[in-house]
Amino acid sequence: MTEERKQNTEPDWSEYRGVLVVVEQRNGKAKPVSWQLLGIGRKLAQKLEVDTLALVMGHNVDHLAQEAVYYGADKVYLADDPVLKDYRTYPYSRVCLELIRQIKPEIVLFGATYTGRDLAGAIATHLPTGLTADSTMLDVEPPPSRLLLASRPAFSEKMVATILCKRYRPQMATARPGVFDALPRDASRQGETIPFACPVKEEDVAARVIDFIQDEQRVNLEDASVIVAGGRGLGGPEGFKVLKELADALGGEVGASRAVVEAGWISHDHQVGQTGHTVRPKLYIAVGISGAVQHVVGMQNSDVIVAINKDPDAPIFKVAHYGVVGDWSEIVPAMIEEVKKRRGLAMVEQA
Ligand SMILES: Cc1cc2nc3c(=O)[nH]c(=O)nc-3n(C[C@H](O)[C@H](O)[C@H](O)COP(=O)(O)OP(=O)(O)OC[C@H]3O[C@@H](n4cnc5c(N)ncnc54)[C@H](O)[C@@H]3O)c2cc1C
C-alpha cells in the first residue's frame, strides 16, 4: 500500500504525462484496432495537451512504427527482438512494464482482443493500477483533473458504467475493436521512433510457440471487410447456407442478429450488436434483420450498408445506404449469381 493511500491525500501524478497506445500485430500486420486506438488516443492527448505515444512490439516490425506515425503517434517506442516474434504474455508484459515505468504515461490503451485483454490484465496486476475492460466510450476530464472516463456496458448490457481510476497511474483501458475511428493515414506526418531494448532473453521465457494454426471455423468479424448478416427474416437455419454462399463470393464473413443466435440457428461468435461484435466493414449486407437499436449499434459505422427486408418500414432502412424491399429468398440468389458472374469476368480480364 502506498504512502499516499495511507495518508489519504491526493497523490501527485504530475510525473505521469502522455497517452500510450499499445499496437497489436501478428506476423508484421497490425490489427485495425491499433489505428482506431491511435485515433481516440490522439483526441484524448490533445485535450490533455500531451503527446500521443505508441508501443510496437514484435520482430522485423519497424515498418509498423512508421505506420503508427502516419496514424497519429508523435513518438513510437519500437521493441524489435526475436523473443517478441510471437505473442507470449511474459516477454510482452515485461516490455510494457519496463516502458511504462520509464516513460510514465498517464493513460495506456489496448485493443479488447484476446491478446490485448491478456496483456493488459497481466500489466495492471503488476503495476498495480486500475484497468477498465472492453470500453466503448473514452473521454478525459480536462486539466487539472486529467481523469480518464472509460465507459463500458455492464450488467448484461442493461447499463453503461463510467469507470474512473482516481488514485493510481497509469489509467488503463482496453477498448472494443470497431468502435472508434482511425484517423486517415497521412504519410506526410512526422514522428520519432525510439528503439526500446527487450529486457527478456529467450531462456527466461517458459512458454514456447510450436505452431500457429488458423482455425478455419473461427469467424473473424472484426477484421472482415464484407459481412453478410442474417436475421429472423431468414425463416430458419438453412437460410445461412445461402448467406454463406454470398459471403464467400464477396470474400466476406457471415454475421447474425441476436434473435437467430438465441434461436440456435447460428453460433454466438457470429452475433453483431450490443452483446455481440462491433463491426465496421466496407460493406454490410443486412438480410431479414429489422434493425433494432441493439443490432444497429454494432454495425452502423460500416462504410456501406445494404438492407434487404420485405417490410418497407423496417428501421434498418434508416441506417442503410441502399435498400431492397422484397423477399430475401429471391434477391440473395440473384445477387450471388451476379457477383459470381462479375468476379468471373474480372478474373478473365486480369488474366
Ligand atoms: C439487452 C439487450 C441486448 C441485445 N443485444 C443484441 C445484439 O447484440 N444484437 C442483436 O442483433 N440484437 C440484440 N438484441 C435484440 C434486439 O433488440 C432485437 O430483438 C433483434 O436484433 C431482432 O433480430 P432480427 O432483426 O433478426 O429479428 P426481427 O426483429 O424479428 O426482424 C426480422 C425482420 O425480417 C424481415 N423479414 C421477414 N421475412 C422476410 C423475408 N422473407 N425477406 C426479407 N425480410 C424478411 C421482417 O420484416 C423483419 O424486419 C438485444 C436486446 C436486448 C434487450
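Here the structure is a predicted model, which means the values were calculated and not measured.

K.L.:
For the environment of Asn 220, give the residues involved together with the corresponding values.
P.N.:
Position of Asn 220 relative to the elements: it lies in the loop between β12 (192-195) and β13 (226-230). We classify Asn 220 as partly exposed; its relative accessible area is 24%.

K.L.:
Describe helix α3 (residues 62-70), and please don't skip the residues or the numbers.
P.N.:
Within the span of α3, buried status applies to Leu 64, Ala 65, Glu 67, Ala 68, Val 69 and Tyr 70. In this fold, the buried residues of α3 make contact with β2 (25-26), β3 (29-30), α2 (32-48), β4 (52-58), β5 (75-80) and β12. At the exit of α3 stands Gly 72, carrying a positive phi of roughly 125°.

K.L.:
So what about the site of the ligand? Which residues, and what values?
P.N.:
Neighbouring the ligand are 25 residues; Arg 232, Ser 257, Thr 275, Ser 290 and Asn 309 lie closest to it. Arg 258 is positioned such that a nitrogen or oxygen atom in its backbone is 2.9 Å from an oxygen atom of the ligand. Between Val 272 and the ligand, the recorded distance is 2.8 Å, taken from a backbone N or O atom to a nitrogen atom. When isolated, the ligand has an accessible area of 990 Å², and the protein chains bury 78% of it. For the shell around the ligand, the secondary-structure elements that each account for two or more residues are α7 (258-262) and α8 (293-296). Taken together, the residues of the shell around the ligand sort by class into 5 nonpolar, 15 polar and 5 charged.

K.L.:
Please set out the sheet that holds strand β16 (residues 304-309) residue by residue, giving values where relevant.
P.N.:
Sheet architecture is open: 5 strands sit in the order β14-β13-β15-β16-β17, paired in parallel fashion. Whereas interior strands pair on both sides, the edge strands pair on one side only; in this sheet they are β14 (253-256) and β17 (322-325). On average, each strand axis in the sheet is tilted by 20° relative to the strand beside it, whichever way the strands run. By the bridge criterion, 5 bridges tie strand β15 (residues 283-287) to β16 in an arrangement that is parallel. The residue of β16 that forms the bridge with Ile 285 is Val 306. Across the sheet, helix α6 (residues 239-250) lies against β13, β14 and β15, angled at about 170° from β13, the strand it touches most.

K.L.:
Which residues make up the nonpolar core, and what are the values?
P.N.:
Ranked by size, the top nonpolar core spans 33 residues in total, and within it Leu 109 and Leu 138 carry the most contacts. Per-element accounting of this core gives the leading share, 8 residues, to α2. In this structure, Leu 109 is in contact with Val 19, Leu 20, Val 21, Val 22, Leu 37, Ile 40, Gly 41, Leu 44, Leu 138 and Ala 173, ignoring residues within four places of it in sequence. Grouped together as the second largest cluster of nonpolar side chains are 26 residues, Leu 20, Leu 97, Ala 124 and Cys 198 included.

K.L.:
Run through the environment of Leu 97, naming residues and quoting values.
P.N.:
For Leu 97, the location among the structural elements is in helix α4 (residues 89-103). Classification of Leu 97 as buried rests on a relative accessible area of 4%. Measuring from C-alpha to C-alpha, the distance between Leu 97 and Ile 123 comes to 6.5 Å, with 26 residues separating the pair along the chain. With residues up to four places along the chain from it excluded, the contact list for Leu 97 reads Ile 123, His 126 and Leu 127.

K.L.:
Which residues make up the packing of aromatic side chains, and what values do they have?
P.N.:
Applying the stated criterion to the full structure yields 3 aromatic pairs. Residues Trp 13 and Tyr 16 carry aromatic rings whose centres are separated by 5.4 Å and whose planes lie at 85° to one another, so their mutual orientation is edge-to-face. Assessed through its relative accessible area of 15%, Tyr 16 is described here as buried. Ring geometry for Tyr 87 against Tyr 92: centres 5.0 Å apart, planes inclined by 65°, an arrangement best described as edge-to-face.

K.L.:
Describe the domain arrangement of the chain, naming the residues involved and giving the relevant values.
P.N.:
On domain assignment, one finds that the chain holds domain 1 (19-204) and domain 2 (226-343). With 8 residues of domain 1 at the contact, the number on the domain 2 side is 7 residues. Contact between domain 1 and domain 2 buries roughly 610 Å² in total, counting both sides, with carbon and sulfur atoms accounting for 34%. Inspection of the domain 1/domain 2 interface yields 1 salt bridge. Counting across the interface, domain 1 meets domain 2 through 4 residue pairs in polar contact (both at pLDDT 80 or more).

Calculation notes
- Numbers given for residues are sequential positions, taken from 1 along each chain in its written order.
- Two thresholds apply to this predicted model, a pLDDT of at least 70 for residue-level local features and 80 or more for giving and counting side-chain atom pairs, whereas whole-chain, interface and lining totals are computed over all residues.
- Values shown for side chains rest on all heavy atoms present in the structure; no hydrogens or waters enter the calculation.
- Per the convention used, a helix needs a DSSP run of H or I reaching at least four residues, while a strand needs a run of E reaching at least two, with both numbered from the N terminus.
- Partly exposed residues are those whose accessible area sits between 20% and 50% of the maximum for their type, while under 20% is buried and over 50% is exposed, using a 1.4 Å probe and protein chains only.
- We call two residues in contact whenever any of their non-hydrogen atoms come within 4.5 Å of each other.
- Throughout, the term near means that a residue has one or more heavy atoms lying within 4 Å of the molecule or strand in question.
- Polar contacts here mean pairs of N or O atoms no more than 3.5 Å apart (in protein, one a potential hydrogen donor and the other a potential acceptor; neighbouring residues in sequence count only if both atoms are side-chain atoms).
- Each accessible area is a Shrake-Rupley result for a 1.4 Å probe, and residues are judged covered by the shown protein chains and nothing else.
- Residue polarity is assigned by list, with Asp, Glu, Lys and Arg as charged and Ala, Val, Leu, Ile, Met, Phe, Trp, Tyr, Cys and Pro as nonpolar; anything else, Gly included, falls into the polar class.
- When DSSP finds two or more bridges between two strands, those strands count as paired.
- Note on method: axes are straight lines fitted to C-alpha atoms, helices fitted across the in-contact stretch only, with angles between N-to-C directions ranging 0 to 180 degrees.
- Here, the term nonpolar core denotes a set of buried Ala, Val, Leu, Ile, Met, Phe, Trp, Tyr and Cys residues that are joined through side-chain atoms within 4.5 Å.
- Each Phe, Tyr or Trp ring (for Trp, its six-membered ring) is paired with any other whose centre lies within 6.5 Å, and the angle between the two planes then decides the class: stacked below 30 degrees, edge-to-face above 60, tilted in between.
- By convention here, the domain bounds are inherited from an automatic or database domain assignment.
- Computed with a 1.4 Å rolling probe, the buried area is the accessible surface lost when two parts are put together, summed over both parts.
- By convention in these notes, a salt bridge is any Lys or Arg side-chain nitrogen within 4 Å of a carboxyl oxygen on Asp or Glu.

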